[in-house]
Amino acid sequence: MAPPVTERGLKSVVWQKIKATVFDDCKKEGEWKIMLLDEFTTKLLASCCKMTDLLAEGITVVENIYKNREPVRQMKALYFISPTSKSVDCFLRDFASKSENKYKAAYIYFTDFCPDSLFNKIKASCSKSIRRCKEINISFIPLESQVYTLDVPDAFYYCYSPDPSNANGKDAIMEEMAEQIVTVCATLDENPGVRYKSKPLDNASKLAQLVEKKLENYYKIDEKSLIKGKTHSQLIIIDRGFDPVSTVLHELTFQAMAYDLLPIENDTYKYKTDGKEKEAILEEDDDLWVRIRHRHIAVVLEEIPKLMKEISSTKKATEGKTSLSALAQLMKKMPHFRKQITKQVVHLNLAEDCMNKFKPNIEKLCKSEQDLALGTDAEGQKVKDSMRVLLPVLLNKNHDNYDKIRAILLYIFSINGTTEENLDRLIQNVKIENESDMIRNWSYLGVPIVPPSQQSKPLRKDRSTEETFQLSRWTPFIKDILEDAIDNRLDSKEWPYCSQCPAVWNGSGAVSARQKPRTNYLEDRKNGSKLIVFVIGGITYSEMRCAYEVSQAHKSCEVIIGSTHILTPRKLLDDIKMLNKPKDKVSFIKDE
């Protein structure tokens with residue numbers, strides 16, 4: 001069974017695995033090494049460790065493998081790289097000939113399976129300089145304690161573009177994603193039952209079949225050469241079109257709201273305090289951020305000033321005591337106070353910046369959005385005419401085109417598609433002819449746009465008894481799916497299995513001969529079942545929040561959610577707009 005959730009969950013599990021398979025593998029007492037990373041492994045290490053952790057492992061310098069570097073021939077080098085031709089070519093340049101070797105020797109660790117062609121290239125060129133060459137099977141980024149990403153944003157274009165000339169690119173990216181998902185399962189030490197959402201597209205089905213096949217191969221030839229039976233976990237694969245509403249709705253929980261309304265790049269928030277420009281990284285090492293990121297903005301605005309008061313009252317309580325011991329205690333606490341106050345100032349600024357965007361325009365917009373998304377108003381009355389809800393938004397000159405497009409989309413989703421004539425009229429009235437593909441191209445994700453769909457919309461769980469804020473009544477679809485999966489209520493026609501369903505999830509007492517018999521079903525759940533979810537084409541911050549909420553409510557099952565990348569509404573609309581453009585017009589980040 002995989003390690004349970006620790007302080008930083010998935011991040012901690014990944015770091016422990018890297019420590020054991022990379023650093024412990026090549027460590028020599030008193031020997032320092034240089035570490036070489038590529039773009040992907042830089043992100044991977046940055047997500048789960050700090051420079052002080054690397055120093056403790058005997059790493060003195062971390063270098064970018066792509067850049068020109070001075071030789072340090074008296075030192076050994078540790079290469080932690082992706083198995084791509086670009087990274088391997090950079091390594092080979094460092095050991096071009098014995099007289100020109102940049103380092104004394106090389107230890108190479110690949111994130112994932114290294115193709116024979118690249119391996120043979122290394123073997124032919126510089127095998128004498130290599131002390132180790134291993135694959136460690138971690139080809140994903142642990143973004144948060146329960147969230148991972150494959151860091152392949154271009155997968156969105158390849159999976160959903162209608163251009164038939166992309167077929168080879170799509171197949172290659174599907175293979176790559178399947179390999180990466182297997183490394184997620186392997187890192188968690190799970191061989192899950194794989195299932196997928198069967199409609200409306202076949203991406204999830206294709207990817208699920210690939211993952212199942214690769215899991216089978218991986219566990220046939222794992223490190224211990226033992227065949228590993230299915231563990232008591234599930235992997236669910238879903239196409240992005242399963243819930244278009246949650247991707248465009250304005251969310252008012254702290255993290256989702258901040259990333260939607262503010263220009264936060266690479267988790268870095270820029271703000272001004274005392275007239276100075278400052279930067280703060282929004283990360284899980286900040287326990288205050290972890291505590292408040294999923295709370296509603298109204299709660300956050302109450303919470304932070306309370307914490308500020310707590311700290312100042314603690315400080316006041318120690319003031320006036322002039323005994324040496326009291327002063328010594330205060331001195332010990334000062335860095336802690338300073339750190340806490342800094343964090344609170346950051347989050348207070350962040351909350352205020354969100355409210356400055358929210359108050360003038362977004363507040364009114366949210367009411368209309370919620371009514372369109374749910375089809376009912378705050379009093380629970382059915383919305384009789386969605387167009388009457390939409391029009392005031394479109395006529396408001398203070399809303400920018402993105403917000404109007406988001407409202408139009410919610411209107412179309414609410415009526416399950418519209419007529420060409422109606423859509424043309426909306427586009428012309430709002431003067432968004434150049435942006436119309438942000439609306440039309442949703443059809444490539446299997447979402448009804450034009451004409452109206454004859455199929456009824458999926459039924460939602462009744463959450464009318466749950467306490468919510470009036471402007472936050474919508475619950476992302478993923479929450480229904482997670483709860484139903486844990487309670488074994490997913491319809492097997494809609495959610496077929498690729499593999500035999502593990503006994504623990506089908507509620508039966510039957511146990512495969514390859515599994516150790518357990519005392520009972522509930523006992524097994526207590527031992528920590530995992531529900532691993534993968535969404536093709538991005539997940540939203542509100543969907544990430546649902547994974548934590550469901551894990552909290554079902555303590556016996558931990559939800560790990562992931563995707564190709566993380567979405568914000570604007571970035572998603574930009575990506576959707578590009579789907580029907582030729583791929584040379586779309587810029588990609590990932591190295592082939």
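Please refer to the structure higher up on the page.
Below, the structure is looked at part by part. (Residues numbered from 1 in each chain as written. Predicted model: local features only at pLDDT ≥ 70, side-chain atom pairs only at ≥ 80, totals over all residues. Heavy atoms only, no water.)

1. Here's the deal with the overall build of the protein
- Across its full length, the protein holds 22 helices and 13 strands.
- Burial analysis of the protein (592 residues in total) assigns 53% to the buried set. (Helix = DSSP H or I, 4+ residues; strand = E, 2+ residues; numbered from the N terminus. Buried < 20%, exposed > 50% of the residue type's maximum accessible area, 1.4 Å probe, protein only.)

2. A word on the sheet that holds strand E5 (residues 130–135)
- Taking strand neighbours across the sheet as the criterion, the 5 strands line up as E2-E1-E3-E4-E5 in an open arrangement whose pairing is parallel. What marks the edges here is a single partner per strand, and that holds for strand E2 (59–64) and E5. Put simply, the sheet's adjacent strands are angled 15° from each other on average, direction ignored. (Pairing = 2+ DSSP bridges. Axes fitted to C-alpha atoms, helices over the stretch in contact; angles between N-to-C directions.)

3. Structural notes on the pattern of salt bridges
- Inspection of every chain in the model, using the stated rule, returns 46 salt bridges.
- A salt bridge links Lys-461 to Glu-483; the nearest nitrogen and oxygen atoms lie 2.6 Å apart. Separated by 22 residues along the polypeptide, Lys-461 in the loop between helix H17 (437–440) and helix H18 (477–486) and Glu-483 in helix H18 bring together distant segments of the chain.
- A salt bridge links Glu-466 to Arg-463, with the shortest nitrogen-to-oxygen separation between them at 3.0 Å.
- Of the residues examined, Arg-463 reaches a relative accessible area of 13% and is grouped as buried.
- Residues joined in a network through salt bridges with shared partners are Arg-460, Lys-461, Arg-463, Glu-466, Asp-480, Glu-483, Asp-484, Asp-487 and Arg-489. (Salt bridge = Lys/Arg side-chain N within 4 Å of Asp/Glu carboxyl O.)

4. Quick notes on a nonpolar patch on the surface
- A grouping of Trp-32, Met-51, Leu-55 and Val-62 is seen on the molecular surface, where their side chains present a nonpolar patch of about 350 Å² in accessible area.
- If you trace the backbone, Leu-55 turns up in helix H3 (residues 51–56).
- Leu-55 gets classed as partly exposed once you look at its relative accessible area, which sits at 39%. (Patch = residues over 30% accessible without salt bridge, like charges linked within 9 Å, V, L, I, M, F, W, Y side chains within 5 Å. Areas by Shrake-Rupley, 256 points an atom, 1.4 Å probe, with all protein chains shown as cover.)

5. Things to note about the environment of Glu-433
- Looking at the secondary structure, you find Glu-433 in the loop between helix H16 (420–430) and H17.
- Glu-433 gets classed as partly exposed once you look at its relative accessible area, which sits at 45%.
- Here Glu-433 is in contact with Ile-427 and Gln-428, once residues within four sequence places are set aside. (Contact = heavy atoms within 4.5 Å.)

6. Regarding the sheet that holds strand E8 (residues 193–196)
- Reading across the sheet, the 6 strands line up as E6-E7-E13-E12-E9-E8 and stay open at both edges, with mixed pairing between neighbours. The open sheet has two free edges, formed respectively by strand E6 (141–144) and E8, since each of these has just one partner strand. Averaged over neighbouring strand pairs, the angle between their axes works out to 25° when direction is ignored.
- By the bridge criterion, 4 bridges tie E8 to strand E9 (residues 233–239) in an arrangement that is parallel. Among the inter-strand pairings, Arg-195 is bridged to a residue of E9, identified as Ile-236.
- Sitting on the sheet, helix H1 (residues 9–26) is in contact with E6, strand E7 (147–149) and strand E13 (557–563), with an inclination near 150° to E6.

7. A few points about the nonpolar core
- Ranked by internal contacts, the top residues of the largest apolar core, which has 152 residues, are Ile-18, Met-177, Ile-237 and Trp-442.
- Sorting elements by how many residues they give to this core places helix H13 (residues 324–374) first, with 11 residues.
- The contacts of Met-177, once residues within four sequence positions are left out, are Leu-150, Val-152, Ala-155, Cys-159, Leu-207, Phe-534, Ile-536 and Thr-564. (Core = buried A, V, L, I, M, F, W, Y, C linked by side-chain atoms within 4.5 Å.)

8. Structural notes on the environment of Phe-534
- Position of Phe-534 among the secondary structure elements: in strand E12 (residues 529–536).
- Exposure remark for Phe-534: the relative accessible area of 0% places this residue in the buried category.
- Taking the C-alpha atoms as reference, Phe-534 lies 8.8 Å from Ile-560; in sequence the two are 26 residues apart.

9. Examining unusual backbone geometry
- Of the consecutive residues Lys-199 and Pro-200, the connecting peptide bond is found in the cis state with omega at 0°.
- On the secondary structure map, Pro-200 appears in the loop between E8 and helix H8 (203–220).
- The omega angle of the peptide bond from Val-450 to Pro-451 is -10°, so this bond is cis rather than trans.
- Phi is positive for Asp-189, which is not a glycine, with a value near 60°.
- Locating Asp-189 in the fold gives a position in the loop between helix H7 (167–187) and E8.

10. Structural notes on the packing of H18 against helix H21 (residues 541–553)
- The geometry of H18 relative to H21 is characterised by a closest axis approach of 9 Å and an angle of 30° between their N-to-C directions. One finds that H18 runs roughly parallel with respect to H21. The handedness of the crossing between H18 and H21 comes out as right-handed. Counted together, Ile-478, Lys-479, Leu-482, Glu-483 and Ile-486 of H18 and Glu-543, Cys-546, Ala-547, Glu-549 and Val-550 of H21 form the full contact between these two elements.
- Its residues placed into classes, the contact of H18 with H21 shows 6 nonpolar, no polar and 4 charged. (Parallel < 35°, antiparallel > 145°, perpendicular 65-115°, else oblique. Left-handed = near helix turned anticlockwise from the far one by under 90°. Nonpolar A, V, L, I, M, F, W, Y, C, P; charged D, E, K, R; others polar.)

11. Topic: the packing of aromatic side chains
- For the coordinates displayed, the defined rule picks out 15 aromatic pairs.
- Sitting over the face of the ring of Trp-495, Lys-197 holds its NZ or CZ atom 5.8 Å from the ring centroid.
- The ring centre of Phe-477 lies 4.0 Å from the NZ or CZ of Arg-460, which sits over that ring. (Phe/Tyr/Trp six-rings, centres within 6.5 Å; stacked < 30°, edge-to-face > 60°. Lys NZ or Arg CZ within 6 Å of the ring centre and 35° of its normal.)

12. Re the side chain of His-399
- Counting through the fold element by element, His-399 comes out in the loop between helix H14 (386–395) and helix H15 (401–414).
- Residue His-399 is classed as buried on the basis of its relative accessible area, which comes to 6%.

Shape descriptors only; they carry no functional weight alone.
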